[in-house]
Amino acid sequence: IITNQQKRLNKMRTVEFIEKINLNLPKLFHVGNFKTELTLEALIHNEKIMNEMFLGKKALETTAIPFAVHLGNCLIKHIPGAKWVDEEMESPFDLTIVVPLTYTKDLNSFIKTFPMNRVLKFLNTNREFNLSSFLTSTIFMSNNDLNDPKFTQKADKDGWCDIGGNSAIRVFQVKKEDLPN
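Below is a summary of the structure that appears in this document.

Thresholds, definitions, all that
- Residues numbered from 1 in each chain as written.
- Predicted model: local features only at pLDDT ≥ 70, side-chain atom pairs only at ≥ 80, totals over all residues.
- Heavy atoms only, no water.
- Helix = DSSP H or I, 4+ residues; strand = E, 2+ residues; numbered from the N terminus.
- Buried < 20%, exposed > 50% of the residue type's maximum accessible area, 1.4 Å probe, protein only.
- Contact = heavy atoms within 4.5 Å.
- Areas by Shrake-Rupley, 256 points an atom, 1.4 Å probe, with all protein chains shown as cover.
- Core = buried A, V, L, I, M, F, W, Y, C linked by side-chain atoms within 4.5 Å.
- Pairing = 2+ DSSP bridges.
- Salt bridge = Lys/Arg side-chain N within 4 Å of Asp/Glu carboxyl O.
- Phe/Tyr/Trp six-rings, centres within 6.5 Å; stacked < 30°, edge-to-face > 60°.

**Focus on the overall build of the chain**
Next up, step 1: Each helix and strand counted, the chain has 7 helices and 7 strands in total.
Next up, step 2: Along the chain, from the amino end to the carboxyl end, the secondary structure elements read α-β-α-α-α-β-β-β-β-α-α-α-β-β.
Next up, step 3: Looking at the 181 residues of the chain, the share that counts as buried comes to 37%.
Next up, step 4: Within the chain, contacts between residues separated by at least 24 positions form 55% of all contacts whose residues are at least 6 apart in sequence.
Next up, step 5: Accessible surface, the chain as shown: approximately 11500 Å² in total, 53% of it carbon and sulfur.

See below:
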């Protein structure tokens, strides 16, 4: 039985965890011929290799950790003001990045993203949740008000709007009365 005190001892701060992964990322990625550059092209290259390695197989959660850190680092490099949320983590699923909404003057407006969840979705769902479109769509969400009529009017009947770069994003308005209590 693991006590609460032991759980607290096993926790690690986000930044400390990211630093440890980043130290080993070049070694880990070198083995699989993965690219470490923080670019859209590197994400696409890595997706291709991951597809070849894991096609039809479930990936281990531990396999996804370096890719989640790499994806998060790409977001931070390409979105000004994006950063890791430095908090105690109980698991890699707690890895969180906050991305500022640059289209508003409100400095407290941001979205949270969870790179580990996205990588596992990519690995476990026939690759429909690719990493490169996550970067593209997160940049888009950071810079654009999705409730703007130029997007909502352009959306298809299911609410999907083409944002370019082989990416689409679901845009919709949530009415206050439709929100859960």
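**Here's the deal with the nonpolar core**
Next up, step 1: Core analysis: the biggest nonpolar cluster contains 32 residues, and Phe17, Met50, Leu95, Val119 and Leu131 have the highest contact counts within it.
Next up, step 2: Put simply, the parts of the chain that give this core at least two residues each are helix H2 (14–31), helix H3 (40–54), helix H4 (61–78), strand E4 (97–100), helix H5 (115–124) and helix H6 (131–143).
Next up, step 3: The element best represented in this core is H4, accounting for 8 residues.
Next up, step 4: Membership of the second largest hydrophobic core comes to 8 residues, among which are Ala155, Cys161, Ile163 and Ile169.

**A look at the pairing of E4**
Next up, step 1: Looking at chain direction, strand E2 (residues 83–84) and E4 are connected through 2 bridges and run antiparallel. Pairing of tryptophan 84 across the sheet is with isoleucine 97, part of E4.
Next up, step 2: In terms of strand pairing, E4 meets strand E5 (residues 110–113) through 4 bridges, oriented antiparallel. Among the inter-strand pairings, valine 98 is bridged to a residue of E5, identified as lysine 112.

**Overview of the pattern of salt bridges**
Next up, step 1: This structure, assessed with the given rule, holds 1 salt bridge.
Next up, step 2: One salt bridge in this structure joins arginine 13 and aspartate 86, with 3.5 Å as the shortest N-O distance. With a gap of 73 residues between them, arginine 13 in strand E1 (residues 12–13) and aspartate 86 in the loop between E2 and strand E3 (88–89) connect regions that are remote in the sequence.
Next up, step 3: We classify aspartate 86 as partly exposed; its relative accessible area is 37%.

**Considerations on the packing of aromatic side chains**
Next up, step 1: Summed over all chains, the structure comprises 2 aromatic pairs.
Next up, step 2: Aromatic side chains phenylalanine 34 and phenylalanine 67 sit 4.9 Å apart centroid to centroid with 75° between the ring planes, which places their arrangement in the edge-to-face category. With a gap of 33 residues between them, phenylalanine 34 in the loop between H2 and H3 and phenylalanine 67 in helix H4 connect regions that are remote in the sequence. No difference in accessibility class separates phenylalanine 34 from phenylalanine 67, as the two residues are buried.
Next up, step 3: Measuring from centroid to centroid gives 5.1 Å for phenylalanine 140 and phenylalanine 151, while their planes differ by 75°, and the two rings are edge-to-face. Taken together, the residues span a long stretch of sequence, with phenylalanine 140 in helix H6 and phenylalanine 151 in helix H7 (residues 149–152) at a distance of 11 residues.
Next up, step 4: For phenylalanine 140, a relative accessible area of 14% puts it in the buried group.
Next up, step 5: Given a relative accessible area of 7%, phenylalanine 151 falls into the buried group.

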